[in-house]
Every structure is written in structure tokens, then in C-alpha cells.
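Okay, here's what each chain looks like letter by letter:
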Amino acid sequence: MLEDNERVSSSSAIPIKFKEFYMLSPQLSATPQNTQEALLWHLKKQGEMTVAQLSILLGVTEMAVRRHLTHLQSSGLVESRLVKQTRGRPNYFYRLGKQANTLFPSGNHNLAKDLLDLVQAEAGPIGVMNLLKKRNEMLVKRLKDRLQNKDLVERIAEVAKFFSDEGYMTEWEKLPDGNFVMYQKNCALHELASEFRQICALEPKLIEELLGTKIIRKQHMLNNDPVCGYLISQPG
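Residues numbered from 1 in each chain as written. Predicted model: local features only at pLDDT ≥ 70, side-chain atom pairs only at ≥ 80, totals over all residues. Heavy atoms only, no water.

## Notes on the overall build of the protein chain
Basically, it comes down to this: We count a stretch as a helix when DSSP gives it H or I for four or more residues in a row; a strand needs E for two or more, and each element gets its number in order from the N terminus. When checking whether two residues touch, look at their non-hydrogen atoms; a contact exists if any pair is within 4.5 Å. Per-residue accessibility takes into account occlusion by the displayed protein chains alone, with areas from the Shrake-Rupley method and a 1.4 Å probe.
Looking only at helices and strands, the protein chain features seven helices and eight strands. Contacts in the protein chain between residues at least 24 apart in sequence constitute 48% of all its contacts with a sequence separation of at least 6. Summed over its atoms, the accessible surface of the protein chain is roughly 13,700 Å², and 51% of this surface lies on carbon and sulfur atoms.

Here you go:
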């Protein structure tokens, strides 16, 4: 039986672990939808803040703020530094991590969409597919040194870190049968992928090439699953 904090997607038998925290939108709107989004916006505007300051602005207890910060830190969205005070104990100041940049509006999405629109107008869907294949080939070459001479577990950790650095909030774990599962809890290209499905079509193949083993996508955000989940098989 699954624990209370686990759920099973209707399209897969792989358990997806959820905590009491909210799922973040692919990109945060100017009007926060929940406490975590409001917390991230305050850090974006103020630069650095303490637990006490966030507690006042959010209207929640300091304990609740710490729980949210712990979760956001584990996802790479928030960082902290210890600052010594002239009097009293040192205090932690929290700021956004690099991975949080993908959550806020930028011109990158518009640029990518314009380029893909141009390719589609000139060469059709096949042209878009060929362009994205070349981009994936570039990524495989770029990550080659990071993955060389590593076993499967080390390669999974490196690939998960790469996707997390790109804003996908990626986690992985080993299953009881010896296989692995990788979760992407945020899609950094959600809007683009909704229009250009070639992006999603090529992603399993990209992960297969990076890991050197069989991959099956078991959950898919564009199919209304809460995450994109990939079953990673042991070579063999």
C-alpha cells in the first residue's frame, strides 16, 4: 500500500511522491497562486530576505516559511547564506537560486517561438523536427565529457542535474526491481512544447542517448499527468 504522501498516475504504475507543497506553474504569473509562488516573487523583488521578513509579508508562521524554504532549496530554486550580526546569533538570508530564473517572464520564450515559427513556415513540421534533432545532437556532444567513464547511477545523477539546471526540477530514484525512475516536476518549455510537440517526441530519445540505456516515458505533463516520469531500465 502506498503511503499517504504518494499517488499513482492513471497512466502508470510508478508511484509519484507528493509532499504538502504546491506544484509550481511552468512560469509564474504576476499574481501568485499559492504561498510558494508569493514567496518566490518576494525574493525576486527584494533580493534577499530572512524567515522573519517573509513571515510578515506572507502572513504565515515562521515554521511554515521554513518548510517552504526547505522544499524550494531542495529543488534548487532558493539559496541561503549565513550572515553574522553585531549582536545576537547569526541569521540566514535567502535568495533565489539560478534555477528560479526560468520561472519568471523573459524574452527567451518569445525568441525560441519566433525561430521555430520561421522554421515551420519555411520547412514545415519536418523542418522543426530536423532542427530539434540537431539541437539534441549538440547537447549530447556538450555533455559527453560529463558522462564519460561513469556507471549508470552516476550518469543518471549527471543527467538529472543537467535538466534541473535547465529548470525542470528533476529528481530520480532507484526502484525495488533494480530499475530507476526520473521525474521532471516542472517543464521549462511547457508552452513551446504544447505548440511544437516535436520537443516532447524527441526528449525520450535524448535521455536514452545520454544514459545509454532503454527509456520509457510513463507520465507526461501534456497528458495532464502531474510530472513527466521516465522509467530507466538497467542495461541488459
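## What to know about the pairing of strand β5 (residues 170–174)
Under the convention used in this document: Two strands make a pair as long as DSSP finds a minimum of two bridges between them.
Direction of pairing for β5 relative to strand β6 (residues 180–184): antiparallel, over a ladder of five bridges. In the sheet register, T170 faces β6, and the bridge partner there is Q184. The turn linking β5 back onto β6 is made up of five residues, and G178 within it adopts a positive phi angle of 95 degrees.

## So, the side chain of Q198
Examined against the element boundaries, Q198 turns out to sit in helix α7 (residues 198–211). Once you skip the residues sitting within four places of it in the chain, Q198 turns out to touch Q120, P125, V128, M129 and L132.

## Here's the deal with the sheet that holds β5
The following threshold applies: Axis definition: a line fit to C-alpha positions, over the contact stretch in the case of helices; interaxial angles, taken between N-to-C directions, run 0 to 180 degrees.
One open sheet holds the four strands; their spatial order is β5-β6-β8-β7, and the pairing between them is antiparallel. Two strands in the sheet have a free side with no partner beyond their single neighbour: β5 and β7 (215–219). Shown here is a sheet whose adjacent strand axes are inclined to one another by a mean of 25 degrees, direction ignored. Of the strand pairs in this sheet, β6 and strand β8 (residues 228–232) are connected by five bridges, and their pairing is antiparallel. Counted as the bridge partner of M182 is Y230 from β8. Across the sheet, α7 is in contact with β6, β7 and β8; its angle to β7 comes to roughly 135 degrees.

## Some points on the packing of helix α2 (residues 51–58) against helix α3 (residues 62–74)
Test applied: Roughly parallel here means an angle under 35 degrees, roughly antiparallel means over 145, roughly perpendicular means 65 to 115, and every remaining angle is called oblique. Note on residue categories: nonpolar means Ala, Val, Leu, Ile, Met, Phe, Trp, Tyr, Cys or Pro, charged means Asp, Glu, Lys or Arg, and polar means any other residue, Gly included.
α3 packs onto α2 with a crossing angle of 110 degrees between their chain directions and a minimal axis gap of 9 Å. Judged by the inter-axis angle, α2 sits roughly perpendicular to α3. Residue-level inspection shows V51, A52, L54, S55 and L58 of α2 in contact with α3, the latter providing E62, V65, R66 and L69. Of the residues contributing to the contact of α2 with α3, the split by class is six nonpolar, one polar and two charged.

## Here we look at the nonpolar core
We apply this condition: Think of a nonpolar core as a cluster: buried Ala, Val, Leu, Ile, Met, Phe, Trp, Tyr and Cys residues, connected wherever their side-chain atoms sit within 4.5 Å. Each residue's exposure class comes from its accessible area (1.4 Å probe, protein chains only) as a fraction of the maximum for that residue type: buried when under 20%, exposed when over 50%, partly exposed otherwise.
Judged by nonpolar contacts, the single largest core of 22 residues is most densely connected at I156, V159, F163, L211 and I232. At the level of elements, α4 (108–147), α5 (152–165), β6, α7 and β8 are the ones that each hand at least two residues to this core. The dominant element in this core, judged by the number of residues it contributes, is α5, at six residues. Residue contacts for I156: discarding those within four places in its chain leaves W172, F180, M182, L211 and I232. Residues W41, L43, L77 and Y94 belong to the second largest nonpolar core, which totals 21 residues.

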